[in-house]
Amino acid sequence: MGTSHAYDAIGIDQLRQTGSFKWSTYPDAIGAFIAEMDFGVAPAISDALTGSVGALVGYPTPALVDAMADACARFLDDSYGWKVPAERIRPVGDVLIAMRATIDHFTAPGSKIILPTPAYMPFLKIPPMHDREIVEVPLLVQDGRYVFDLDGLDRAFADGGGMLILCNPYNPVGRVFTREELLAISEIVERYGGRVFSDEIHAPLVFAPHVHIPYASISEAAANHTITSTSASKAWNLPGLKAAQVILSNDADAAVWATPVVTRNELLASNPGIIANTAAYDDGREWLADTHTYLDGNRRVLGELLAAQIPEIGYIPAEGSYIAWLDARGLGIDGSPADFFREHAGVALTDGIACGAPGDGFLRFILATPRPIIVQAVEQMAAALARRGAPVSV
Ligand SMILES: Cc1ncc(COP(=O)(O)O)c(C=O)c1O
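What counts and how
- Residues numbered from 1 in each chain as written.
- Predicted model: local features only at pLDDT ≥ 70, side-chain atom pairs only at ≥ 80, totals over all residues.
- Heavy atoms only, no water.
- Helix = DSSP H or I, 4+ residues; strand = E, 2+ residues; numbered from the N terminus.
- Contact = heavy atoms within 4.5 Å.
- Near = heavy atom within 4 Å.
- Polar contact = N/O pair within 3.5 Å; in protein donor to acceptor, adjacent residues only side chain to side chain.
- Areas by Shrake-Rupley, 256 points an atom, 1.4 Å probe, with all protein chains shown as cover.
- 1 Å grid on protein atoms, 1.4 Å probe; cavity = no way out; pocket = protein on both sides within 12 Å on 5 of 7 lines; lining within 4 Å.
- Sits in = over half its atoms within 2 Å of the grid points.
- Nonpolar A, V, L, I, M, F, W, Y, C, P; charged D, E, K, R; others polar.
- Buried < 20%, exposed > 50% of the residue type's maximum accessible area, 1.4 Å probe, protein only.
- Expected span 1.5 Å × (residues − 1).

**Student:** Is there a simple way to explain the environment of Gly-284 in this structure?
**Tutor:** On the secondary structure map, Gly-284 appears in the loop between α12 (271–283) and α13 (285–309). Between the C-alpha atom of Gly-284 and that of Trp-236, which follows or precedes it by 48 residues, the distance is 7.7 Å. In this structure, Gly-284 is in contact with Ala-44, Trp-236 and Ala-279, ignoring residues within four places of it in sequence.

Printed below as a string of structure tokens:
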């Protein structure tokens, strides 16, 4: 199971007592369905948030916003060699708010939104809320790994697609795209004068030998057609604190963002979230490195456990993020595999169908949890399958 770590000692009862969403939604099941970490937060973040409540309430102040932009710029440069002027990094409440603002203000009314699927669940819901039709372009599987369907993307732009939603690292399939793959996308986008919204929230959680390449950093053309959003909220476990960054990589978009109708989105960021993001980027790197190593171990251990106990489940360890994407189609489960495992194994996972039709028969398993809990979850899943009878081979 790998070397021991303090995280190993965090037990289910303790997690249940926190009353967190992940551990209270299904009181009888192991919570592995929502992207929250079970490891608390970096000491640098709790220190930054300790103090008077008076310092935390109020609308985002220019001083706090500037400090977060500076810290984020330093992190982008140190981590990916991406040099972004701090004034081009603006606050928003979360990455999905950034996406909504981008759809509203940077795509034409009636234009279509191109979405590779399976996709992070809210990506399927948000465009229709903004009167935009989604054109799904399912990923292809080549040599056992997911890749973009470049011809499909080309056709989608030719057919009126205005903006591509890019998720890198990719929730739910865990891919981290290479420079060649990103360049191939940008060529297509350029051909049609399209736009890209690049969600890079999982970027600090990329595992070697893979490296995160910010999409907007690959060329001037990409910088000119992209709005990027990121946040410390996944890698440093700050969901719900409401702060993320929009990165504007060209003058025209920066000018549009500065107009009052768009800038008001900045007020949806909270001061505690901004302070926590700043602390994460500047002072949370040691905690991140340690947690990252632990998560790397978790994705490998899951592979070993599945191979030994449920080899019918297909699993490719994620190249980035703490999300495991499990191919449960070979189990011969009638109906939802997530319902089966929640009801019969006491393990709450996300049903892949929530990520779009290509996710049918798949499961999302959140691995940001103590390793003994992963062991227990797989044991319970294997036992439920054994009780049901031998898995049906296909
Ligand atoms: C790809 C992606 N984007 C955005 C989000 C939303 O994160 P938050 O609510 O912390 O902004 C998530 C959360 O899991 C995610 O996986």
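Structure shown, so let's carry the discussion forward.
**Student:** What's the story with the site of the ligand in this structure? I'm lost.
**Tutor:** Every residue lining the ligand is accounted for by Ala-35, Asp-94, Val-95, Tyr-120, Cys-167, Asn-171, Asp-199, Ile-201, His-202, Ser-233 and Lys-234. Contacts to the ligand include His-202, whose side-chain N or O atom sits 2.8 Å from an oxygen atom. In the model, an oxygen atom of the ligand is placed 3.3 Å from a nitrogen or oxygen of the Lys-234 side chain. Across the complex, the protein chains shield 91% of the 400 Å² of accessible surface that the ligand would expose by itself. Among the detected pockets, the ligand sits in the largest pocket. Classifying every residue of the shell around the ligand by side-chain character gives 5 nonpolar, 3 polar and 3 charged.

**Student:** Even after reading the chapter, I still don't get the environment of Ala-9, so can you show me in this structure?
**Tutor:** Along the chain, the position of Ala-9 falls in the segment before α1 (12–18). By relative accessible area, Ala-9 is classed as exposed at 65%. Separated by 257 residues in sequence, Ala-9 and Glu-266 place their C-alpha atoms 39 Å apart.

**Student:** How should I be thinking about helix α4 (residues 62–80) in this particular structure?
**Tutor:** Within an α-helix, residues lying three or four positions from one another point in the same direction, as the helix has 3.6 residues per turn. The first and last C-alpha atoms of α4 sit 26 Å apart over 19 residues, in line with the 27 Å expected at 1.5 Å per residue. Listed in full, the buried residues belonging to α4 are Val-65, Met-68, Ala-69, Ala-71, Cys-72, Ala-73, Phe-75, Leu-76 and Tyr-80. Those residues of α4 hidden inside the fold are in contact with β2 (89–92), β10 (244–248), α12 and α13. One or two positions beyond α4, positive phi appears at Gly-81, with a value near 65 degrees.

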